[in-house]
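# What the coordinates show
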Amino acid sequence: MPLKIVEAGDFVARGEGRNGIEDVNLMLIGSQPVGTWVLNFLGSAREVISEQDAAQINSALDGLTAIMNGEETIDVDRYFPDIANL
């Protein structure tokens, strides 16, 4: 899940994302400044990502949520703009 660092620390930071505020371990990517977007998996930041990448990932997750909630019509161009033209 994409998280935006809101409180920086050397080894652990606080990030805000889809599930609110949560702690994220920075041991794999090193300390990051406030405002940095990271890709979080099971409580550990795996890589630094751009704000644009974070928005695309969140959009795709919104699309998957819509599908799982039974929406019959999914706007592929809206939820998956990076793959809609393939």
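Residues numbered from 1 in each chain as written. Predicted model: local features only at pLDDT ≥ 70, side-chain atom pairs only at ≥ 80, totals over all residues. Heavy atoms only, no water.

## A look at the overall build of the protein
Counting its secondary structure elements, the protein contains two helices and five strands. When the helices and strands of the protein are listed from N to C terminus, the series reads β-β-β-β-β-α-α. Along the first, second and third principal axes, the C-alpha set of the protein runs to 45 × 25 × 15 Å. The burial tally for the protein puts 27% of its 86 residues in the buried class. Taking as baseline every contact in the protein between residues at least 6 positions apart, the subset at least 24 positions apart corresponds to 27%. Within the structure as shown, the protein displays about 5,600 Å² of accessible surface, and the carbon and sulfur contribution to it stands at 52%. (Helix = DSSP H or I, 4+ residues; strand = E, 2+ residues; numbered from the N terminus. Buried < 20%, exposed > 50% of the residue type's maximum accessible area, 1.4 Å probe, protein only. Contact = heavy atoms within 4.5 Å. Areas by Shrake-Rupley, 256 points an atom, 1.4 Å probe, with all protein chains shown as cover.)

## Brief notes about the side chain of S44
With respect to the secondary-structure elements, S44 resides in strand β5 (residues 44–49). Once residues lying within four places of it in the same chain are set aside, the contact partners of S44 are V24, N25 and L39.

## As for the pairing of β5
Looking at chain direction, strand β4 (residues 37–41) and β5 are connected through five bridges and run antiparallel. Across the sheet, residue V38 finds its bridge partner in β5, namely V48. Two successive antiparallel strands, β4 and β5, enclose a turn made up of two residues, where L42 displays a positive phi of approximately 55 degrees. (Pairing = 2+ DSSP bridges.)

## Digging into helix α1 (residues 51–68)
End to end, α1 covers 26 Å across 18 residues, agreeing with the expected 26 Å (1.5 Å per residue, within 8%). When α1 is considered as a whole, its buried residues turn out to be A54, N58, S59, G63 and A66. For α1, the secondary structure elements touched by its buried residues are β1 (2–7), β4, β5 and α2 (76–79). (Expected span 1.5 Å × (residues − 1).)

## As for the environment of D23
Secondary-structure assignment places D23 in strand β3 (residues 20–25). On the basis of relative accessible area, D23 is assigned to the partly exposed category, the value being 46%. With 22 residues separating them along the chain, D23 and A45 place their C-alpha atoms 9.9 Å apart. Residues within four places of D23 in sequence aside, it is in contact with V12, A13, R14 and G43. A distance of 2.8 Å separates the side chain of D23 from the side chain of R14, its partner in a polar contact. (Polar contact = N/O pair within 3.5 Å; in protein donor to acceptor, adjacent residues only side chain to side chain.)

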